[in-house]
Amino acid sequence: MPQITMYDPHAPEHAHGIYVSELLSAFREVEHEITVNLLGTREWGTAEAANTLRCTLYPAIPVARARAEYANVIVWVFARLVRPAALEWQIIRHALKHPEIAAIHYQLPQGLCTALSRYVFQRLRKQRLLTVHNIEPHDLRPRWFRAARTIVNRAVLRSFDALIVHSEKLGADLAAYLGRHSPPVFIACHGTGSPDVDGSPSLETRLRERSILFLGAARPNKGLHVLLKAMTELPGFTLTLAGYRGYDRYRERVVQPLLETARKNGSHISVLSGFLDKDRVRQLLLSHSLVALPYTQFSSDSGILHLAIAYGIPVVVTDVGALPEAVTTFGIGVVVPPGEPSAFAAGIRRLYTLEAADIEEGFSKAKRTLSWTQAALQTASIYKAILSNTDSIHADDD
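Since this is a predicted model, take the numbers as computed values, not measurements.

What follows concerns the confidence of the model for the chain. Of all residues in the chain, 96% attain a pLDDT of 70 or more, and the chain-wide mean is 89. Below pLDDT 50 for its whole length, residues 391–396 participates in seven contacts with residues either more than four positions away or in separate chains.

Have a look at this one:
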C-alpha cells in the first residue's frame, strides 16, 4: 500500500494543526488504498487531537520557543536562523528512515532549505508536494525585503513536484505567479466542519442583533482600519474585536486612534485580547449577526471564512484572494471592493436586504460541497495522480 507522510510544524491547537487533524481524520474514513502518516511537532505526542487521527504519528519536530525563553537576543536570533535547516533535516531524516514512503506532503516550506533539499529527494526518488496556504506571506517587512523574498518564494514553490490550493481562483493566481516553470497545480477544497448548533438562536434572530464580529490578529492586510472607519456609517451596529493581538506598530499608530475616534462618535466596540480557545470562538460565532473580512490584500483562502460557514454566520468580504469565490457561489454574504470604508458599510447594510432563508440554504449547500469528507476525497485523488506519475517524473530527473 503506498504511503505518504504529511509534514506540519505547527502545534495541534494552531489553526494549521486543526486543519491537518480534520483532514487526516476524514482521510482515514474515505481512503483505503493510500496510507498517510503525520510528521508533526512533539506536542502531538500528548495532544488529545492525536487520538482522532487514526494514523501513524511521528512527533519528532521540535516546538518553536518564544523569545522570552532564550537567554538573550543573540541566542534567539541564532535559533531563528538555524531552525529552517533543522526542520528540513528532520524531514530528510524521516525519509531516510522510512524508505517505504513515496512522497512528503508539506504544509509549510522552510525557505531556501526546502528549495535545496529537492536534490536529496530526487536521489531518494520521493516526490514532494505542498499545500499553498498563502501564495505570498503577509507581514510588515520593508519593501526591499519583500522583493527579495518574492524571488526566494518563487524558487521554493517551483522546487516541488506538485502544488495544492483550495480554490480555482488561487490556482489561476498561483500558476500566473510562477509562470512557465510552475509545477502542476491541483485543487482540493479546504474542508468545513458541521458543529452541533442545536439550541443556538436562529439566523433571523441573530441578524436583528446587528452585531459584527472581527476575528483574529490585527494585521494591516486584514483591513481592520477600514472596518473601524466604516463603523461611523453604521449607527445601531456593535462591533467585537476578538483575538485582538500582535503587530504593535499597526495597532498603536493606526488602529488605536481609529478605535478611539469611532467610540467618541458613538460606536459600541468591544475588544477581547489574546488567544481564544475553541469554546470561546464557538460562543462568539453563535452570538453575532455577521463576520467581517475587510482584507485589503490577500493571496489565500481564509480559515475564518470556513468557520463562518461551519456555524452559519453570514459574511461581508472584500474582493481579494479567494474570499469572493465561496461567498458568491453559495450566496452566504456580500462582496465589496477592498480598501473603501463606505463600500464596506454599504455591503453590511446590503446584507440585510437578503432573505435569511436563502442564506441558510446557501450554508447547507456550502457544507455539503466543502465538507472534510470532500476535502479528503479530493486530496486522495491528487495523491493517486501524483503517485501514478512518480516513475516518469524521476526518469526525467535522471
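If you trace the backbone, glutamate 88 turns up in helix H3 (residues 73–97). One buried charged side chain, glutamate 88, makes no salt bridge at all; its nearest oppositely charged neighbour is arginine 128, positioned 4.0 Å away. Polar side-chain contacts of glutamate 88 include one of 3.0 Å to the side chain of glutamine 110. Setting aside anything within four residues of it in sequence, one finds glutamate 88 in contact with Tyr106, Gln110, Cys113, Thr114, Ser117, Phe121 and Arg128.

Another aspect to go through is the pattern of salt bridges. The tally for this structure, following the rule as stated, stands at five salt bridges. Two residues, lysine 384 and glutamate 31, come together in a salt bridge whose shortest N-O distance is 3.2 Å. Of this pair, lysine 384 sits in helix H15 (residues 372–388) while glutamate 31 is found in the loop between helix H1 (15–30) and strand E2 (35–41), placing the two residues 353 residues apart along the sequence. Look at glutamate 31 and you get buried, because its relative accessible area is 7%. A salt bridge links lysine 384 to glutamate 33; the nearest nitrogen and oxygen atoms lie 3.6 Å apart. Of this pair, lysine 384 sits in helix H15 while glutamate 33 sits in the loop between H1 and E2, placing them 351 residues apart in sequence. Residue classification places lysine 384 among the partly exposed positions, given a relative accessible area of 35%. By sharing partners, the salt bridges in this structure join Glu31, Glu33 and Lys384 into a single network.

Conventions and cut-offs
Residues numbered from 1 in each chain as written. Predicted model: local features only at pLDDT ≥ 70, side-chain atom pairs only at ≥ 80, totals over all residues. Heavy atoms only, no water. pLDDT = per-residue confidence, 0-100. Contact = heavy atoms within 4.5 Å. Helix = DSSP H or I, 4+ residues; strand = E, 2+ residues; numbered from the N terminus. Buried < 20%, exposed > 50% of the residue type's maximum accessible area, 1.4 Å probe, protein only. Lys, Arg positive; Asp, Glu negative; His and termini not counted. Salt bridge = Lys/Arg side-chain N within 4 Å of Asp/Glu carboxyl O. Polar contact = N/O pair within 3.5 Å; in protein donor to acceptor, adjacent residues only side chain to side chain.

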